[in-house]
There are 4 protein chains.
Amino acid sequence: MLSENRLKKLNQLLNQNPASEFGFGNTSNESGQRILNKDGSANINRIGEPRFNVVNIYHSLITISWTKFIFVVFSFYFILNLIFSLLYYFLCPDTIAGMIYTTELEKFLEIFFFSSQSLTTVGYGRLNPTGIIASSIAGIESMMGLLGFALATGLLYGRFSRPTAKLLYSENIIIAPYAHPTFSKEAPTALMFRITNARKNQLIEVEAMVLFSYNQNVNGVIQRKFTNLKLEISKINFLALSWTIVHPINEESPLYNLAEKDLEELEAEFMISIKAIDDTYVQQIFNRNSYYWKELIWGAKFISMVTKSDTGKTIIDLKKISQIEKIEFEHA
Amino acid sequence: MLSENRLKKLNQLLNQNPASEFGFGNTSNESGQRILNKDGSANINRIGEPRFNVVNIYHSLITISWTKFIFVVFSFYFILNLIFSLLYYFLCPDTIAGMIYTTELEKFLEIFFFSSQSLTTVGYGRLNPTGIIASSIAGIESMMGLLGFALATGLLYGRFSRPTAKLLYSENIIIAPYAHPTFSKEAPTALMFRITNARKNQLIEVEAMVLFSYNQNVNGVIQRKFTNLKLEISKINFLALSWTIVHPINEESPLYNLAEKDLEELEAEFMISIKAIDDTYVQQIFNRNSYYWKELIWGAKFISMVTKSDTGKTIIDLKKISQIEKIEFEHA
Amino acid sequence: MLSENRLKKLNQLLNQNPASEFGFGNTSNESGQRILNKDGSANINRIGEPRFNVVNIYHSLITISWTKFIFVVFSFYFILNLIFSLLYYFLCPDTIAGMIYTTELEKFLEIFFFSSQSLTTVGYGRLNPTGIIASSIAGIESMMGLLGFALATGLLYGRFSRPTAKLLYSENIIIAPYAHPTFSKEAPTALMFRITNARKNQLIEVEAMVLFSYNQNVNGVIQRKFTNLKLEISKINFLALSWTIVHPINEESPLYNLAEKDLEELEAEFMISIKAIDDTYVQQIFNRNSYYWKELIWGAKFISMVTKSDTGKTIIDLKKISQIEKIEFEHA
Amino acid sequence: MLSENRLKKLNQLLNQNPASEFGFGNTSNESGQRILNKDGSANINRIGEPRFNVVNIYHSLITISWTKFIFVVFSFYFILNLIFSLLYYFLCPDTIAGMIYTTELEKFLEIFFFSSQSLTTVGYGRLNPTGIIASSIAGIESMMGLLGFALATGLLYGRFSRPTAKLLYSENIIIAPYAHPTFSKEAPTALMFRITNARKNQLIEVEAMVLFSYNQNVNGVIQRKFTNLKLEISKINFLALSWTIVHPINEESPLYNLAEKDLEELEAEFMISIKAIDDTYVQQIFNRNSYYWKELIWGAKFISMVTKSDTGKTIIDLKKISQIEKIEFEHA
C-alpha cells in the first residue's frame, strides 16, 4: 500500500506533467494489461475501420515479416495465374495454339503454363493465343503481370528503405546503487537499462525518453497517469558502443522511496522512446519499447559489452546486451 | 450586430497577429464562400498556368483516386497500343509474319494483338516482324513499353509512399461548457473538435493549430482577418486513441462573448492544421481541414470512442468520431 | 560616388553581419559578373574535378531538361543495341537462326533487330541464338537490358519525386514608396519583389531571405561584401495567392539614402533564398534567385494578381506576376 | 610531459563537457589506434551479430563500391541461372523442346541458355518447356527473374539517391598564426583545416563541429576524454567555394599552450562532423572525418583555391585542396 505522503507526491508530479499530453487518455489499467507492447505498438484494438483500404494493405505488406511477404507474393502470383487459366480454359480453350497434350487435366495444366508465360512476359511462343478472346485476355494478363511486378518493385524498395532501427534492449530494467564519478553524487540509486545498435549502420544524434506510467486512485476512480523521468544524459552524438540510460532516483524522482511492492501495486510500466538518425539514408528513426513491472530487477549491474583485442582494437559483443550481475542491495 | 467593444477587441487582437502572415491576403469574403475546402486545399481558382507541365501531370497522377488512376493506366496502354497498331497497319501490314486471319478487320485485330505483345514484351513470336520498318517500329514499341512500365513503377511507389495522414475529424466543431479538472477552471466554455487516426500506422508528435478567420469592417471596406486560437494542449506524443482539441474561450480568446449570430455575421471559419510524424516511413505529414460557421454546434459533448473489452483490453471505435450528445447550454 | 558617411554606415553594418558566413568569400566583383545566376546556381567554374564520377552523371540525368533526358535514353538504347549487333555480326553471324535476308546489309539489319529484341526481352523467337557464343552474348544482353530499364525506372522516379519548387518571381525588383496600414508608418520607401507558386501543389511554411551583396573598398582593395536585409514579414503559413516580399528602407537598412547611381557603382546584387514545404511529398524545398542592379526599377507598384469571379470565388492570374505600374517617385 | 596546470585546465574543461555524451565511453586509447577512421566510421569491431540479416545485406549492397556491386549482381545472375540449369538437367532434360545439340556438355549448355532466357523473360521460344516439371520450374524461374530485377531496381535507385556528400578535406590539419581582420585579434594562433564540395550538387546550410579527443590520467587510470572545440564560424549558408574551418586557440581553448610533444603524448585526435543539405534531393547529409595527431602540421597556410578567369569569372580548382605553404612559426 502506498503511504498518503507518496500519493500526495505523485499527485504533485502529475500536475506538473499533465497526463493528457501523452495521447493515451487516462483510462485505468486494472486488468493488468500493458499499454505498449514490446515492439512499441499500442496495446489497443481498433474497430469501425473501413473494411478495405489500399493504404492499410500497403502498410501491412511493408511491415509484415519477410517469410509472410514472400508467401503473399507467391500466392498472389499463383492465384492470378489460376484465375487467368480458368478464363482461358472456359472461354477459349481451343484457340491456344501449340498444345501437345490431350487429356482434359493435361490441357488445363498446359493452359496454366501458358498463362504463367504470359504473366511473366517470358512468352516462349510455342503456346500462343490465336483467337480474339484469347489474345485479348493474354494482352490484359501480360499487362497485369508487368503492373504486378511494378508493385513488387515498389514494395521491395519500400521494405528495405523504410527507416527502422534494430535496437537491442537489455531484457530487464534494473534499479541499483549508482554513483557517477562527476555528476550525481546525490543519487545513490538509479533506474537503468541498456541499448545498442543491432545493425551495421551508424546511428547518430540518439535521444532517449522514458515515461513512467501507473495507476492512481482519483476520488475513488482508478486512473492511468503518465510522467516523464529525467535522465542523467538524454542525448548522445554517436551510438558506437552500448548506451546505459540512467534515471537517477533522487528526491525529485517520482520513484523516490517506492519499494518493489509499490510498483507492482501501481502496475508500473516504463515506456521507452528512442529517436535517432540512421546514417545510411540519413533518416530520422523512432523506436519504442516498454518494461512492465515484472521485467524490473532490484540490485544488479550490467556487465560491460566492450573489450580490447590483442592489437588494442575496441570490440563490442552484442550477445552480452542483457548480461547482469546480481549485487547486494538493501532497499526500502 | 457586433458591439463597438467587440469590434475594438477584435481590432486589438488583429494587431497582435497580423493577417498577412497567413498567406491569404485580406480580400473579403462577402460572397459566403469558405477559404479552405474540407480536404484542406485552398478554395481558389488559378488561371494563366502553363498549359502543359510534366510535373503537374505527375502531381495529378499521384493524387487522383485509385479508380481514376487505374483507368488512366489502362487507357494509356490501350491508346499507345492502338497508335502502334495503326502504324503497322498502314505502313507495313504484310511484313508481320505468322498471321492466320484474312479479312481486313481480323488482320487489324491480329496486328493489334501483335502490337500488345510487343508493348508488354511478352513477344510470343508466332506473330513477328520481318521487314525493316516493322522491326524498327517493334523495337521502339517494346522500348516504350518498358519505359511505360518504368513510369508505372514510379507512380505506384509514389502513390503508396506519399506521406498522407488519413485523419478522421468530427463532423462538427462545438462550443460548450468545459472544465478540465486541473487546468482551466477559469474557462467555463470552450471550442472543441475531435480527431483520430483512420489508419493502422502510428502517428507520433502530433501538433494542432487552429486559425479563426472572419470578416472585419476596416474604414468601410470589408477585409478578411485571421487570428490564431490558443489551445489547451497543442501537442501530444502519440495519437493512440482520439484527441479532443480544446480552445478555452476565456477573456483572452477572440471568441469571448461572441454569440451564434455574431459568428454567422462574421462568416467565421475555423481553419485546422495538423502536423504529425507517420511512424511507417517516419515522414512529416501535414493535414488541413476547416469548419465553416454552419458546421458549429452550440451546447453538445462528444461521446467517448473508447471502451474496454471483457479481457480488459482498450478498444477504440472509429465510427463514433462524430457522435455527440446535446446538452443544456445557456449562452450569450 | 558614395559619401564618407555612407561608407562608414556600410562598414558598421558589415561588422555586424560578417561576410564570410555566406560562403562566397570576399573576392571582388569588379568584372561586372553576377554571383548567383537567375536559376539560383553559383556563377562559378569548377576545375580539377574527377573526370568520371557516377554520382555526378546521375545528378546530371536527374536535373537536365526532359528533352535532353529522353534524347539520352534513346541514344543509350540505340548505342547499346549497336554494340551488341556488332558483336554478333563479327563473332557469330551464322548462329542466329531464323534469318530470312541474304545481302550483308540486310543481314546486319536483321541482327540489329534480333539484338533489340534481346535487349527489350521481347524475344519473339523467330530470330534466336543457337551457338554458344551467340547464346552467351544474348544472355548478357537481355540481362543488361533489364538492368538498363531498372536504371531508367529509378531515374524517372528520381526526376519526378525530386523536391523542386517552381516559383514565379516578378521580373524586376522595385524600390518605391510603401506604407503598410498597420506596421511600418516610419518606412516610406521599401524594396519589393513578388513570388507565386507556378504549380498546383501546395507550398506551406514559406520563408524568404534576402541578401544584399556589394563591392566595398577596404584599404584600397575592392572586396565583395554581403549583408542580410530585414524583411517586414519573412514567413507565411501558406502560399495560396501571391506574396510581395518587402524590405522597408528605414534608417537601419543598408540601402538607406542610397541612390540609383550608388547601387550601380556598388554592383549591387540582391540574392533571394526561399524555403518552403511542398505538401505533395512533404519535402523541404529550397529555391534561389537573384536580382542584379540592372533589374531594379525605381518608382513602380505591382498590379494585383487576384480578382473575384462572378460567383465570388477568388481567382489568381499567374501571368500577371511581373505586371507593374510606374508611379511618381521623387528619390534621393 | 604535461604540466600540472595544464592537466588541471583540461580537467576543468572536461567537467563542463562530459565525455559520455559523445557515445564512445571512456576506454583509453593507449594502443595508439585512432577512434574514427578516415571515412568517418568508428574503429570498432562488432561480434555477436546475428549471422544472417536481410537489412544488413541490403545495407552492404547500398554502400559497397560500384565495382563490387556489379560483380555481385552478375554473380547472382550467373549462380541463379546455374541452379535452375541443374534442376532442369537432372529432373527433366528431355522435356525442353527445340534442342539441337547432342553431346551431354552441349545439352547442358543449351539448357543453361534456356534457363537464362527464362530468367530474363526474353523467352525466344525455340527452346521451350513441354513437360509439367520443366514448365513449373520455368514458371518459377521467370517469376524469380522478375523479382530479382525488381530488387535490382530498388538497389540501383537506393545507391544513387542515398544522401551522401563527397566532401574533399585537406590532407592535413594545421596550427598556425591566424588573424582575422575583424574578429579575432586576440587569437594569434588557430587550428585550421579546409573542405570543399567534390560534386556538382549544391551544399547549403553547412555546419561544422570539431571534437578534440585525448588520453587523460584519472587517478592512475588512462581514460579517453572528448571536448568540443569552439569554431570562429560554425555555419555557412552555401558551400560554393572552399571553407577553411578555424578554431582560434585563445585562452578558452583546451589547446592553449599545448606543444607538438603534448599532442603526441595525449594521442590527440580531432574528430570532424559536417552537416549540410544536398540541394538535389534536399536531403540532410552527415559527413565525418578525423585528423590524428600525425596529420597535424605546425606553421603552414593554405594556398587559395580560387582564381579569376580572363573574363572575370570565379574559378575554383579542386586539386588544390591540400596545398599548403610552410611559414615561420615560433611556437611553444
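Residues numbered from 1 in each chain as written. Chains lettered and ligands numbered in written order. Predicted model: local features only at pLDDT ≥ 70, side-chain atom pairs only at ≥ 80, totals over all residues. Heavy atoms only, no water.

**A word on the overall build of chain A**
The helix and strand inventory of chain A stands at 6 helices and 17 strands. Looking at chain A as a whole, 58% of its 332 residues are labelled buried. A sequence separation of at least 24 residues applies to 69% of the contacts in chain A between residues at least 6 apart. Counting only carbon and sulfur atoms, one obtains 56% of the accessible surface of chain A, whose full area is about 14300 Å². (Helix = DSSP H or I, 4+ residues; strand = E, 2+ residues; numbered from the N terminus. Buried < 20%, exposed > 50% of the residue type's maximum accessible area, 1.4 Å probe, protein only. Contact = heavy atoms within 4.5 Å. Areas by Shrake-Rupley, 256 points an atom, 1.4 Å probe, with all protein chains shown as cover.)

**Topic: the pattern of salt bridges**
Throughout the structure, instances matching the rule amount to 16 salt bridges over all chains. Ionic pairing is found between Glu205 of chain B and Lys275 of chain A, a salt bridge with its closest N-O pair at 3.5 Å. Residue Glu205 of chain B is located in strand β7 (residues 203–218), and its partner Lys275 of chain A is located in strand β11 (residues 269–278); the two belong to separate chains. Exposure remark for Lys275 of chain A: the relative accessible area of 22% places this residue in the partly exposed category. Across the pair Glu104 of chain B and Lys107 of chain B runs a salt bridge, and its minimum N-O distance is 3.9 Å. (Salt bridge = Lys/Arg side-chain N within 4 Å of Asp/Glu carboxyl O.)

**Quick notes on helix α3 (residues 66–91) of chain C**
Between its first and last C-alpha, α3 of chain C extends 37 Å over 26 residues, near the 38 Å set by a 1.5 Å rise per residue. Those residues of α3 of chain C not exposed but buried are Phe69, Val73, Tyr77, Leu80, Asn81, Phe84, Ser85, Tyr88 and Tyr89 of chain C. (Expected span 1.5 Å × (residues − 1).)

**Quick word on the interface of chain A and chain B**
Every contact between the two is made by 71 residues of chain A and, on the other side, 57 residues of chain B. Carbon and sulfur atoms supply 63% of the area that chain A and chain B bury against each other, a total of about 5600 Å² over both sides. A per-residue breakdown of the area chain A buries against chain B is headed by Arg46, Met143 and Phe286 of chain A, which together make up 11% of the total. The interface formed by chain A and chain B holds 1 salt bridge in total. There are 4 residue pairs in polar contact (both at pLDDT 80 or more) connecting chain A and chain B. Elements represented by at least two residues in the side of chain A that touches chain B include exactly β1 (44–47), α2 (54–63), α4 (104–119), β3 (128–129), α5 (132–161) and β12 (283–292) of chain A. (Buried area = accessible area lost by both parts, 1.4 Å probe. Polar contact = N/O pair within 3.5 Å; in protein donor to acceptor, adjacent residues only side chain to side chain.)

**Topic: the interface of chain C and chain D**
Listed as interface residues are 71 residues of chain C and, on the opposing side, 57 residues of chain D. At the junction of chain C with chain D, the criterion picks out 1 salt bridge. Elements supplying a minimum of two residues to the side of chain C that touches chain D: β1 (44–47), α2 (54–63), α4 (104–119), β3 (128–129), α5 (132–161) and β12 (283–292) of chain C. Counting residues per element, the side of chain C that touches chain D draws most heavily on α5 of chain C, at 17 residues. In terms of residue class, the side of chain C that touches chain D is made up of 30 nonpolar, 35 polar and 6 charged. Where β1 of chain C lies against strand β16 (residues 314–317) of chain D, 4 bridges are found, and the strand directions are parallel. (Nonpolar A, V, L, I, M, F, W, Y, C, P; charged D, E, K, R; others polar. Pairing = 2+ DSSP bridges.)

**Brief notes about the sheet that holds β1 of chain C**
Strand pairing in a sheet relies on backbone hydrogen bonds, with the paired strands running either antiparallel or parallel. If you walk across this open sheet you meet the 3 strands as β1(C)-β16(D)-β15(D), and the pairing is mixed. Of all strands in the sheet, those bounded by a partner on one side alone are β1 of chain C together with β15 (306–308) of chain D. Strand after strand, the sheet turns through a mean of 30° between neighbouring axes, direction not considered. (Axes fitted to C-alpha atoms, helices over the stretch in contact; angles between N-to-C directions.)

**Digging into the confidence of the model for chain A**
All names here are of chain A. Confidence in the prediction of chain A, expressed as mean pLDDT, is 82, and 84% of residues score 70 or more. Across chain A, the secondary-structure element scoring lowest on mean pLDDT is helix α1 (residues 4–16), at 54, and the one scoring highest is helix α3 (residues 66–91), at 95. Here residues 13–20 is modelled with pLDDT under 50, and outside its nearest four sequence neighbours on either side it reaches 16 contacts, counting other chains as well. Interface confidence for the predicted complex, given as ipTM, is 0.71, next to a pTM of 0.77. (pLDDT = per-residue confidence, 0-100.)

**So, the sheet that holds β1 of chain A**
Judged by pairing direction, the sheet is mixed, and its 3 strands sit side by side in the order β1(A)-β16(B)-β15(B) without closing on themselves. Two strands close off the open sheet at either side, each with one partner strand: β1 of chain A together with β15 (306–308) of chain B. With direction set aside, neighbouring strand axes in the sheet form an average angle of 30°. Strand direction decides the pairing type here: β15 of chain B and strand β16 (residues 314–317) of chain B, joined by 3 bridges, are antiparallel. Paired with Thr307 of chain B across the bridge in β16 of chain B is Ile315 of chain B.

**Looking at the relation of the copies chain A and chain B**
For these two chains of identical sequence, chain A goes onto chain B by a turn of 90° and a shift of 0.0 Å along the axis, with RMSD 0.1 Å. Classification of the inter-copy transformation places it as that of a four-fold axis. Taken together, the interface assignments show that only 11% of the residues at the interface of chain A recur at the interface of chain B, consistent with different surfaces on the two copies. (Least-squares fit on C-alpha atoms with pLDDT ≥ 70 in both.)

**Section: the relation of the copies chain C and chain D**
By a simple turn and slide, chain C fits onto chain D: the slide is 0.0 Å along the axis, the RMSD is 0.1 Å, and the turn is 90°. A low fraction, 11%, of the interface residues of chain C reappear at the interface in chain D, so the copies pair through non-equivalent surfaces.

**Here we look at the packing of α5 of chain A against helix α3 (residues 66–91) of chain B**
Interhelical geometry of α5 of chain A versus α3 of chain B gives an angle of 125° and a closest axis separation of 12 Å. On the basis of the axis angle, α5 of chain A is oblique to α3 of chain B. Judged by the twist between their axes, the crossing of α5 of chain A over α3 of chain B is right-handed. Residues Gly139, Met143, Met144 and Leu147 of chain A of α5 of chain A form the contact with α3 of chain B, whose participating residues are Val73, Phe74 and Tyr77 of chain B. Looking at side-chain class alone, the contact of α5 of chain A with α3 of chain B contains 6 nonpolar, 1 polar and no charged residues. (Parallel < 35°, antiparallel > 145°, perpendicular 65-115°, else oblique. Left-handed = near helix turned anticlockwise from the far one by under 90°.)

**Some points on the side chain of Asn172 of chain A**
Residues and elements named next belong to chain A. You can see Asn172 is positioned in the loop between β4 (167–169) and β5 (173–177). A polar side-chain atom of Asn172 sits 3.1 Å from the main-chain carbonyl oxygen of Glu295. Setting aside residues no more than four positions away along its own chain, Asn172 makes contact with Met192, Phe193, Tyr291, Glu295, Ile297 and Phe302.

**Description of the side chain of Thr121 of chain B**
By the element assignment, Thr121 of chain B lies in the loop between α4 (104–119) and β3 (128–129). A relative accessible area of 2% places Thr121 of chain B in the buried class. Once residues lying within four places of it in the same chain are set aside, the contact partners of Thr121 of chain B are Thr121 of chain A, Ser142 and Leu146 of chain B together with Thr120, Thr121 and Val122 of chain C.

**Section: the packing of helix α5 (residues 132–161) of chain B against α5 of chain C**
The axes of two packed helices give the description: the angle between them and the distance between them. For the pair α5 of chain B and α5 of chain C, the least separation of the axes is 9 Å and the interaxial angle reads 50°. With respect to α5 of chain C, the element α5 of chain B is oriented oblique. Like other packed secondary-structure pairs, α5 of chain B and α5 of chain C cross with a definite hand, here right-handed. Counted together, Met143, Leu146, Leu147, Ala150, Leu151, Thr153, Gly154, Tyr157, Gly158 and Ser161 of chain B of α5 of chain B and Phe149, Ala152, Thr153, Leu156, Tyr157 and Phe160 of chain C of α5 of chain C form the full contact between these two elements. A breakdown of the residues in the contact of α5 of chain B with α5 of chain C according to their chemical character gives 11 nonpolar, 5 polar and no charged.

**Brief notes about the environment of Glu232 of chain D**
With respect to the helices, strands and loops of the structure, Glu232 of chain D is situated in the loop between β8 (221–229) and β9 (235–238). Separated by 14 residues in the primary sequence, Glu232 of chain D and Val246 of chain D have C-alpha atoms spaced 5.7 Å apart.

**Let's talk about α4 of chain B**
Counted at 1.5 Å a residue, the expected span for α4 of chain B with its 16 residues is 22 Å, and the 22 Å between its end C-alpha atoms agrees. Counting buried positions along α4 of chain B yields 12 of 16 residues, so the element is predominantly enclosed. All of the buried residues in α4 of chain B are Lys107, Phe108, Glu110, Ile111, Phe112, Phe113, Phe114, Ser115, Ser116, Gln117, Ser118 and Leu119 of chain B. Each element contacted by the buried residues of α4 of chain B is listed here: β3 and α5 of chain A together with α3, β2 (96–97), β3 and α5 of chain B. In the segment just after α4 of chain B, Thr121 of chain B is the residue with positive phi, at about 60°.

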